[in-house]
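Observations on the three-dimensional arrangement
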Amino acid sequence: VFGAALAAAGIMVVARARRADVTAAFLVVYVAIVLARAAWLGDPLDVPLHGLANGGLVLFAFFMISDPRTTPDARLGRIVFAVLVAALGAYIQLWLYKPRGIFYALCALSPLTPIFDALWRAPRYQWREAPLVRDPLIREKNDAKATGGDVERPDAARGGAPLGVPGGAASG
């Protein structure tokens, strides 16, 4: 259940960051290599599926390799990068028998990102501004921060003491 929730959150993150291509390319190649190795060794399907059903792989695929600032800007560069990370990670983990191979592969191949950016030109990734919040309480707090003023808390608006003030909700 936790893995499914983590994957759902990851899908939202990569969709918002417009980096689903690198996650999909990585997962397709890595899963294919793991399944091919299991078939080559004659392992039952449970063996590779057990290896793929871990939170580290989900965390890596949706939150680490898809980071927009550390992946190439061009789509082709991202896909090539993901394929290389998947192949090297599988090699380290499955043939050299070192745990966390995908993490080592990402560290080893991340310095290639500027080279991929030079080979395949694309606009640099820019985070979009968050939309303005229409909630009056949040707008009031933002206005107070901008002007350096203080903000009344909901308890004070109802006639009670503000939070953290003796007699307020947060005091003992």
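Read on for an overview of the structure.

For helix α6 (residues 101-109), the complete set of buried residues consists of G101, I102, A105, L106 and L109. Down the axis of α6, the buried set is contained in an arc of 135°. They therefore lie on one face. Close packing links the buried residues of α6 with α2 (20-41), α4 (55-64), α5 (75-95) and α7 (113-119).

So, about the packing of α4 against α6. Where α4 meets α6, the axes come as close as 10 Å, and the angle between the chain directions of the two elements is 25°. One finds that α4 runs roughly parallel with respect to α6. Between α4, through G56, L57, F60 and M64, and α6, the contact on the second element is made entirely by I102, F103 and L106. Residue composition of the contact of α4 with α6, by class: six nonpolar, one polar and no charged.

What follows is about the packing of aromatic side chains. Counting across every chain of the model gives five aromatic pairs. On the basis of an interplanar angle of 15° and a centroid distance of 5.5 Å, the ring pair of F26 and Y30 is categorised as stacked. Taken as a pair, F26 and Y30 lie in helix α2 at a separation of four residues, close to a single helical turn. Each member of the pair, F26 as well as Y30, is classed as buried. With a centroid separation of 5.6 Å and an interplanar angle of 45°, the aromatic rings of F116 and W120 are classed as tilted. F116 sits in the buried class, given a relative accessible area of 8%.

Reading the values: rules and limits
Residues numbered from 1 in each chain as written. Predicted model: local features only at pLDDT ≥ 70, side-chain atom pairs only at ≥ 80, totals over all residues. Heavy atoms only, no water. Buried < 20%, exposed > 50% of the residue type's maximum accessible area, 1.4 Å probe, protein only. Helix = DSSP H or I, 4+ residues; strand = E, 2+ residues; numbered from the N terminus. Arc of directions from axis to C-beta. Contact = heavy atoms within 4.5 Å. Axes fitted to C-alpha atoms, helices over the stretch in contact; angles between N-to-C directions. Parallel < 35°, antiparallel > 145°, perpendicular 65-115°, else oblique. Nonpolar A, V, L, I, M, F, W, Y, C, P; charged D, E, K, R; others polar. Phe/Tyr/Trp six-rings, centres within 6.5 Å; stacked < 30°, edge-to-face > 60°.

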